[in-house]
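# An overview of the molecular structure
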Amino acid sequence: MAKLIAGATVSLDGFVEDADGSSAALYADFDELTASGYMQAVQDETGAVIMGRRTFDMAEDPDDYADNYEFQVPMFVVTHEPPPVTPRSNGRLSVTFVTDGVESAAQQALEAAGDRNVTFIGGADVFGQLLAAGLVDELSVDVMPVLLGDGVRLFAGGPTATLEKVSVEQIGVRTALRYRVVR
């Protein structure tokens, strides 16, 4: 059965963005990460992606997702308002803008994923909404050895949860933590 895995990269002090709204310091190892067996395994297990609209808008050209995005699977973008033009898709990747909440996005993504998992990519707010709604089966949190000091926290004011460790992996300078949400 497919699982919803909420993923994020954080600084050691728990931020997903610095005070200026940048996450660049968290991806200083991007080339090494994308070439790693760890990332290949995440891609292989992923059948659909959920992300928030701000994360989606980080792409300079949304049409580039169809050719260059590391997850070539259906994408479900949680938003209040879809853009006027739907980005280009290909035979593997399509983009659906979901305007009726995280529950709907999760349901659509799980259906699209089939027997593979749904990976939530980004947006601390949507991350918290999915967790609060009880939709997250596992957390996948990569910790980068940097202190941002201020910015957007991943778990700011979120719900409480009991977690069970699944794995801890070292990928270059980052530490990948995976936890099962205990229901």
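Please refer to the structure placed before this passage.
Note that the structure is a prediction, hence the values are computed from the model and not measured. (Residues numbered from 1 in each chain as written. Predicted model: local features only at pLDDT ≥ 70, side-chain atom pairs only at ≥ 80, totals over all residues. Heavy atoms only, no water.)

When helices and strands are tallied, the chain shows six helices and ten strands. Considering only C-alpha atoms, the chain reaches an extent of 40 × 35 × 30 Å along its principal axes. Of all 183 residues assigned to the chain, the portion counted as buried reaches 44%. Put simply, 72% of the contacts in the chain that link residues at least 6 apart link residues at least 24 apart. Of the roughly 9,400 Å² of accessible surface on the chain, 51% is carried by carbon and sulfur atoms. The chain carries 12 positive and 28 negative side-chain charges, and their two centres are separated by 6 Å. (Helix = DSSP H or I, 4+ residues; strand = E, 2+ residues; numbered from the N terminus. Buried < 20%, exposed > 50% of the residue type's maximum accessible area, 1.4 Å probe, protein only. Contact = heavy atoms within 4.5 Å. Areas by Shrake-Rupley, 256 points an atom, 1.4 Å probe, with all protein chains shown as cover. Lys, Arg positive; Asp, Glu negative; His and termini not counted. Charge placed at Lys NZ, Arg CZ, Asp CG, Glu CD.)

We now examine the environment of Thr119. With respect to the helices and strands, Thr119 occurs in strand β6 (residues 117-120). A relative accessible area of 7% means that Thr119 is categorised as buried. Sequence separation between Thr119 and Ser140 is 21 residues; the distance between their C-alpha atoms is 9.2 Å. Those residues in contact with Thr119 that sit more than four places away from it in its chain are Ile5, Thr46, Ala48, Val49 and Ile50.

This part takes up the pairing of strand β9 (residues 162-171). Summarising the sheet, β9 and strand β10 (residues 174-182) pair through nine bridges and their orientation is antiparallel. Paired with Leu163 across the strands is Val181, a residue of β10. The antiparallel pairing of β9 with β10 creates a hairpin that spans two residues between the two strands, and Gly172 there sits at a positive phi of about 60 degrees. (Pairing = 2+ DSSP bridges.)

The subject of this paragraph is the pattern of salt bridges. One pass over the structure, following the stated rule, counts ten salt bridges. Between Asp57 and Arg53 there is a salt bridge whose closest N-O contact spans 3.1 Å. Through salt bridges that share partners, Lys3, Glu45, Glu138 and Arg178 make up one connected network. (Salt bridge = Lys/Arg side-chain N within 4 Å of Asp/Glu carboxyl O.)

Time to look at helix α2 (residues 37-45). Among the residues making up α2, those that are buried are Tyr38, Met39, Val42 and Gln43. Relative to the axis of α2, the buried residues are bounded by an arc of 135 degrees and lie together on one face. (Arc of directions from axis to C-beta.)

Geometric values such as these leave the question of function open.
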